[in-house]
Amino acid sequence: MLEVRNLSVRYGAYTALHGVNLTVNSGEIVVLLGANGAGKSSLFRTLSGLQRPSGGDAVYNGETLTLGRPERCVTLGVAQCPEGRMLFPQLSVEKNLRLGAFTHRRDAAGNDAELERIYTLFPILRDKRADPAGSLSGGQQQMVAIGRALMARPKVLLLDEPSLGLAPLVVDQVFEAVQRVNQAGVSVLLAEQNAFAALGIAHRAYVMEGGHVTIEGSRDELLHDDRVRSAYLGV
Ligand code: ATP
């Protein structure tokens with residue numbers, strides 16, 4: 001289980017996260033809703049060890065994630081798929097995927113097996129394995145970014161805004177892919193502005209506003225919450 005405990009993040013005088021508490025249980029898809037600037041990326045960077053908290057901590061199965069050591073987070077089983085995908089556009093799809101196996105670089109057979117699993121999850125990537133990643137469509141590039149994170153063999157996937165810039169039909173395809181990843185045994189913390197699509201695949205969700213968690217509940221509780229409906233679902 002991933003537990004975020006009273007986590008705060010400051011950038012100089014500015015406080016981006018104010019004592020955030022949340023959990024992701026084994027097997028869950030947990031969605032984090034919030035507008036631009038709510039603090040979702042700051043939370044993810046902190047859970048990935050890229051940003052040191054100013055207070056509180058986060059633990060995965062009792063092991064501390066928030067020590068500012070990204071490779072430790074990956075080794076413990078927590079991998080991030082960052083906002084904006086951050087692929088190497090000139091490198092082939094397969095080379096981009098293999099970069100995600102950095103922490104397993106001595107296990108060639110295991111990495112080949114993982115690559116096969118990713119090609120089974122995302123068959124289009126097998127067809128495009130030799131193509132430059134930058135030549136793929138936005139949705140396909142998002143699948144490469146998710147696949148690259150999976151090459152680290154995570155137990156928890158931190159997925160930041162995967163629907164960004166994608167057409168609605170493609171968003172559905174990416175979210176179906178996230179569901180398949182989850183069914184394959186990976187817990188998912190999914191930060192999204194596309195509340196409707198994200199809640200569609202969520203078990204539970206949190207709403208963040210101004211660096212605070214303001215609402216939390218099951219998918220159905222959030223879908224029926226008047227504040228969520230007016231602010232995030234446009235109904
Ligand atoms: P987005 O969807 O735009 O990524 P977000 O919810 O992920 O938004 P964050 O990127 O975590 O939000 O930003 C939270 C707040 O912290 C914002 O007001 C942002 O301007 C500020 N912020 C983020 N990174 C830094 C930084 N390195 N230095 C100063 N302020 C920062």
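About the cut-offs
Residues numbered from 1 in each chain as written. Predicted model: local features only at pLDDT ≥ 70, side-chain atom pairs only at ≥ 80, totals over all residues. Heavy atoms only, no water. UniProt positions renumbered as here; feature names shortened; annotations may be inferred. Buried < 20%, exposed > 50% of the residue type's maximum accessible area, 1.4 Å probe, protein only. Helix = DSSP H or I, 4+ residues; strand = E, 2+ residues; numbered from the N terminus. Pairing = 2+ DSSP bridges. Axes fitted to C-alpha atoms, helices over the stretch in contact; angles between N-to-C directions. Near = heavy atom within 4 Å. Polar contact = N/O pair within 3.5 Å; in protein donor to acceptor, adjacent residues only side chain to side chain. Nonpolar A, V, L, I, M, F, W, Y, C, P; charged D, E, K, R; others polar. Phe/Tyr/Trp six-rings, centres within 6.5 Å; stacked < 30°, edge-to-face > 60°. Lys NZ or Arg CZ within 6 Å of the ring centre and 35° of its normal. 1 Å grid on protein atoms, 1.4 Å probe; cavity = no way out; pocket = protein on both sides within 12 Å on 5 of 7 lines; lining within 4 Å. Points joined across faces, edges and corners; volume = space filled by probe spheres on them. pLDDT = per-residue confidence, 0-100. Contact = heavy atoms within 4.5 Å.

An unreviewed UniProt entry lists the protein chain under the name ABC transporter ATP-binding protein, with Deinococcus aquiradiocola given as the organism. What the UniProt record of the protein chain gives under Sequence similarities (unreviewed entry) is the line "Belongs to the ABC transporter superfamily."

Spacing of three or four residues puts side chains on the same side of an α-helix, whose turn is 3.6 residues. With 6 of its 8 residues buried, helix H1 (residues 40-47) lies for the most part within the structure. Within H1 the residues assigned to the buried category are Lys-40, Ser-42, Leu-43, Phe-44, Thr-46 and Leu-47. Taken from the residues just after H1, Gly-49 is the one with a positive phi, measuring 80°.

Here we have 6 strands laid out as an open sheet, ordered S6-S7-S8-S3-S9-S10, and mixed in their pairing. In this open sheet, the two edge strands, each paired with only one partner strand, are strand S6 (78-81) and strand S10 (212-218). Along the sheet, successive strands turn relative to each other by an average axial angle of 15°, direction set aside. As judged from the 6 bridges shared by strand S9 (residues 204-209) and S10, these two strands associate in the antiparallel manner. Considered in S10, the bridge of Glu-209 is made with His-212.

According to UniProt, the "domain: ABC transporter" (unreviewed entry) feature falls on residues 2-235. Helix makes up 38% of residues 2-235 and strand 26%, with an end-to-end C-alpha separation of 32 Å.

As a structural note, the neighbourhood of the ligand is formed by 15 residues, with Gly-37, Gly-39, Lys-40, Ser-41 and Ser-42 the closest of them. In this structure, Ser-41 approaches the ligand through a main-chain N or O atom, which is 2.6 Å from an oxygen atom. Take Ser-42: an N or O atom from its side chain is 2.6 Å from an oxygen atom of the ligand. Elements represented by at least two residues in the shell around the ligand include exactly strand S2 (14-24) and H1. No other element matches H1, which puts 4 residues into the shell around the ligand. Here the residues of the shell around the ligand sort into 5 nonpolar, 6 polar and 4 charged.

Further remarks concern the packing of aromatic side chains. For the structure on display, the rule yields 0 aromatic pairs. We note Arg-105 situated over the ring of Phe-102; from NZ or CZ to the ring centre the distance is 4.3 Å.

To continue, consider the layout of surface pockets. The volume enclosed by the largest pocket comes to roughly 470 Å³. In terms of lining residues, the largest pocket is bounded by 21 residues, among which Pro-70, Val-74, Ala-79, Gln-80 and Gly-100 are the most central. The set of elements that each furnish at least two residues to the lining of the largest pocket consists of helix H2 (70-76), S6 and helix H6 (138-150).

The next subject is the confidence of the model for the protein chain. Here the protein chain averages 93 in pLDDT, while 100% of its residues score no lower than 70. What the predictor reports for the complex is a pTM of 0.93 with an ipTM of 0.92.

Let's shift gears to the sheet that holds strand S4 (residues 55-60). The strand order across the open sheet built from 4 strands is S2-S1-S4-S5, with neighbouring strands paired in antiparallel fashion. The open sheet has two edge strands with one neighbour each: S2 and strand S5 (63-64). Taken together, the 2 bridges between S4 and S5 define a ladder with antiparallel strand orientation. Of the residues in S5, the one forming a bridge with Tyr-60 is Glu-63. Contacts between H1 and the sheet are confined to strand S1 (2-11), S2 and S4, with S1 contributing the most and set at about 115° to the helix.

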